[in-house]
Amino acid sequence: MSKYDYLIVGSGLFGATFAYFARKAGKKCLVIDKRHHLGGNVYCESCEGINVHKYGAHIFHTNNKKVWNLVNSIVEFNRYTNSPVAIYGDKLYNLPFNMNTFYQMWNVKTPNEAKVKIDEQRAEAISKMEGCDPRNLEEQALMLVGKDIYEMLIKGYTEKQWGRKCVDLPAFIIKRLPIRMTFDNNYFNDRYQGIPVGGYNVLINGLLEGVETNVNTDFFQNRSYFESLADMIVYTGQLDEFFDYKYGHLEFRSVTFKTEILDTPNYQANAVVNYTDRDIPYTRVIEHKHFEMFGDEVYKCPKTIISREYSAEWKPGMEAYYPINDACNNDLADKYRSLSSQHSNVIFGGRLAEYKYYDMAPIIEKVMSFVF
Ligand code: FAD
Ligand code: UDP
């Protein structure tokens, strides 16, 4: 008889949500994580009274009421709305691309004026495409918003973030960004959005309440022992690592965060500022306090904490962040997936094990689809 019903490898949102539902169904789980803390990439570290998003800015957003109700049953969410601004040259532009951006870019004031301008900007790309679908990110961006916005707000940022030319990147990446003919700087279209009050650790600790957890514990350090502990394994680590990289490494982008405490209460007046110029080495600057402090609250805390994000190619030993879903990596991932289908006692879930670009809410949605 195994000691546990489930051994869960990884305490990120996938593993923690899985453990939550399994425990509620009366199952016995052990969650292990190789990091020194629980929570995976949503983990926050408190410093100067500010929750620092240690692995990059995380904003929860969803249209799914069941997901929203679930997370709110564990922790209250605040009213944070993500409205990043982009800096290019000496000018600021609102994101996502909306009437404010079009006004800042071309001085157009009405949707009709903006539409005429965008159509003019897209015309060249449309004629070159001759009715074909966009084959890469550059074509997709030019089709959507045209030349000026592509060159000033997309090209440099994207090539820094992905370390590849826009013509070599899949079109779907840019489809994530909304384009609006209204004065609306909300980055997301979803109905529900916010940050857990007290930070993401409250959410993770709530999900894992009553579940046995071990940090600083790497599954691969003692694989056969861990495999013997449970009837089923939920694996949320890297897909290729599970198979000992037998077909080679899947590629990822990694990010290095350079974090500083500054002796000023309000550095950039916004949580997220993107630097879209190719020559500036970082992609964005996060000022963490703005996720949880609004209006005058910002000044109650005399210091602030910022993180500059430097994108880098992943190498063994670094944190794997963004799967690179180009044709070559997708083919390799498929080869690994066909091996994983032979492991009927293992559930492969989450960003790393599915090698899929997942936001937080779809991760929870996916776990909710399992029958426990
Ligand atoms: P992870 O959080 O990566 O958890 C996997 C865990 O498995 C890790 O803790 C790891 O240590 C552990 N692990 C791996 N291998 C082993 C092993 N061998 N043994 C033991 N443990 C192991 N989503 C949003 O909805 N909004 C956002 O604003 C947003 N911003 C993001 C910004 C960045 C920079 C990144 C990279 C992602 C962002 N996301 C965002 C996505 C979000 O982080 C993911 O959807 C979510 O964290 C994925 O959870 P997961 O459990 O699949 O993976
Ligand atoms: N993007 C861009 N300019 C920006 C912000 C985003 O060109 O100022 C592009 C870039 O290609 C990025 C994609 O839009 O990979 C998706 O951006 P998002 O902010 O949703 O990505 P994430 O938060 O996951 O890094």
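Anyway, here's the lowdown on the structure attached to this text. Just so it is clear, the model here is predicted, and its values are computed rather than measured. (Residues numbered from 1 in each chain as written. Chains lettered and ligands numbered in written order. Predicted model: local features only at pLDDT ≥ 70, side-chain atom pairs only at ≥ 80, totals over all residues. Heavy atoms only, no water.)

### Section: the pairing of strand β12 (residues 272-275)
On any regular strand, side chains alternate: one points to one face of the sheet, the next to the other face.
Here is step 1: Here β12 shows no split at all, with V272 and N274 on one side and V273 and Y275 on the other all buried.
Here is step 2: Sheet topology places strand β6 (residues 85-88) next to β12; three bridges connect them, and they run parallel. Residue pairing across strands places I87 opposite Y275, the latter belonging to β12.
Here is step 3: For β12 and strand β13 (residues 284-287), the ladder comprises three bridges, and the chain directions are antiparallel. Each residue of the ladder has a partner; that of N274, found in β13, is R284. (Buried < 20%, exposed > 50% of the residue type's maximum accessible area, 1.4 Å probe, protein only. Helix = DSSP H or I, 4+ residues; strand = E, 2+ residues; numbered from the N terminus. Pairing = 2+ DSSP bridges.)

### Comments concerning the site of ligand 1
Here is step 1: Around ligand 1 there are 30 residues in total, and D33, H58, I59, Y358 and M360 lie nearest to it.
Here is step 2: Between F219 and ligand 1, the recorded distance is 3.1 Å, taken from a backbone N or O atom to a nitrogen atom.
Here is step 3: One of the side-chain N or O atoms of D359 is found 3.1 Å from a nitrogen atom in ligand 1.
Here is step 4: Surface burial for ligand 1 is 96%, taken as the share of its 1000 Å² of free accessible area covered by protein chains.
Here is step 5: Those elements that place two or more of their residues in the shell around ligand 1 are α1 (13-24) and α13 (360-368).
Here is step 6: In the shell around ligand 1, the residues fall into 15 nonpolar, nine polar and six charged. (Near = heavy atom within 4 Å. Polar contact = N/O pair within 3.5 Å; in protein donor to acceptor, adjacent residues only side chain to side chain. Areas by Shrake-Rupley, 256 points an atom, 1.4 Å probe, with all protein chains shown as cover. Nonpolar A, V, L, I, M, F, W, Y, C, P; charged D, E, K, R; others polar.)

### Things to note about the sheet that holds β13
Here is step 1: Taken in spatial order, the seven strands of this open sheet run β7-β6-β12-β13-β14-β11-β15, and their pairing is mixed. At either margin of the open sheet sits one strand with a lone partner, and together these are β7 (91-94) and β15 (322-323).

### Quick notes on the site of ligand 2
Here is step 1: The immediate surroundings of ligand 2 are formed by 17 residues, with L153, T158, Y187, Y322 and Y357 found nearest.
Here is step 2: A distance of 2.8 Å separates an oxygen atom of ligand 2 from a polar side-chain atom of T158.
Here is step 3: Within the contact set of ligand 2, an oxygen atom lies 2.9 Å away from a side-chain nitrogen or oxygen of W162.
Here is step 4: Protein chains bury 93% of the 530 Å² of accessible surface belonging to ligand 2 in isolation.
Here is step 5: The set of elements that each furnish at least two residues to the shell around ligand 2 consists of α6 (147-162) and α7 (172-175).
Here is step 6: A total of six residues in the shell around ligand 2 trace back to one element, the largest contributor, which is α6.

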